[in-house]
Amino acid sequence: MPLCQLPEVALYYVEKGQGEPLVFLNGLSGDHLYWMRQLRAFAKTYRCLALDNRDVGRSGCPARPYTTADMAADVAALFERLELPPAHVVGLSLGGMIAQELALAVPERVKSLVLVDTLGGADEWFRATLAAFEMIRRQVADTAAFFEAILPWWVGWRFFEQAEHVTWLRWLLRQAPYPQGLDSFLRQLEAARRHDALGRLGAIACPVLVVVGADDAVCPPRHSEQLRDRLPRAQLVVVPGVGHALPFEGPGQFTSILAGFLTNPGATDRRCA
């Protein structure tokens, strides 16, 4: 799969299918493998790309602090290099923050946005949550151990009602072929901690779908409601019974919601389901 050398960093991505581009941006510590179910589902009708953000997976690791705007610049440079037409962009958590900055920086390259379990600006509660994550990550051996430690934040309580799901997820975390190092984790965490696009969201003119798990304990629904209220053409879907890892916890629900939006992204009704 391609590794694209950009001005500041090499960016790894996978690509499947043909049609309008549909781009997936992952959250803290996550790489393109998070989106494989969605790539299989949507590659029949879209040109799907899933990226490894800087400091994760097989992408480069610049040894300096950066912001979500810097990460968005990586994505914009990749779009330019690939000569992509305007793309549908799906961003989860940190990926949703990057997607906001991308739409603000290069609106001509973003056809629609899907912001999943994310926020427009880090408040003190969110920063305190990230501080707890940093403390935990500094105490464990690797990223897989970190995610095992924070499972009660990452997935909703209903996920724990089926022990085989938890066992499977813990096994899956250990299969990551390119685990993230501590320094890379801390740089991504700091970019999320400093994210603040709330005052600029009104400039995003494309259609936006905001999706959040009702039991999300990392970016609770109040953040998604705030996004809906600040974005001119946003609709909101609150998915019951799932937490922060919506595409994992409810893959069928997520795929159905995303497919419905992509069929008619220009709809401007604001709904809560």
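Residues numbered from 1 in each chain as written. Predicted model: local features only at pLDDT ≥ 70, side-chain atom pairs only at ≥ 80, totals over all residues. Heavy atoms only, no water.

Honestly, the layout of surface pockets in this entry has me stumped. Any pointers?
Gaps between atoms show up when a probe of the same size as a water molecule is rolled over them. Volume-wise, the largest pocket comes out at about 870 Å³. What lines the largest pocket is a set of 45 residues, and nearest its centre among them are Ser 29, Gly 30, Tyr 34, Trp 154 and Leu 173. Counting only elements with at least two residues in the lining of the largest pocket, the list comes to helix 1 (36-42), helix 3 (94-105), helix 4 (124-139), helix 5 (143-149), helix 7 (163-173) and helix 10 (246-249). Among the residues making up the lining of the largest pocket, the classes are represented as 29 nonpolar, 11 polar and 5 charged. (1 Å grid on protein atoms, 1.4 Å probe; cavity = no way out; pocket = protein on both sides within 12 Å on 5 of 7 lines; lining within 4 Å. Points joined across faces, edges and corners; volume = space filled by probe spheres on them. Helix = DSSP H or I, 4+ residues; strand = E, 2+ residues; numbered from the N terminus. Nonpolar A, V, L, I, M, F, W, Y, C, P; charged D, E, K, R; others polar.)

I would appreciate a short explanation of the environment of Cys 219 in the present structure.
Along the chain, the position of Cys 219 falls in the loop between strand 7 (208-213) and helix 9 (221-230). Judged by relative accessible area, Cys 219 falls into the buried class, the value being 0%. Between the C-alpha atoms of Cys 219 and Leu 119, which are 100 residues apart in sequence, the distance is 6.6 Å. (Buried < 20%, exposed > 50% of the residue type's maximum accessible area, 1.4 Å probe, protein only.)

Quick question: what am I supposed to make of the packing of aromatic side chains here?
Aromatic ring pairs are described here by two measures, namely the spacing of the ring centres and the angle between the planes. In this structure the tally under the stated criterion is 12 aromatic pairs. Judged by centre distance (5.8 Å) and plane angle (80 degrees), the ring pair of Phe 133 and Phe 146 falls under edge-to-face. Of this pair, Phe 133 sits in helix 4 while Phe 146 sits in helix 5; the two residues are 13 residues apart in sequence, bridging distant segments of the chain. Take Phe 133: its relative accessible area is 5%, and that puts it in the buried class. Three or more aromatic residues link up through ring pairs in this structure, and these residues are Phe 24, Tyr 34, Trp 35, Phe 133, Phe 146, Phe 147, Trp 153, Trp 154, Trp 168, Phe 185, Phe 248 and Phe 254. (Phe/Tyr/Trp six-rings, centres within 6.5 Å; stacked < 30°, edge-to-face > 60°.)

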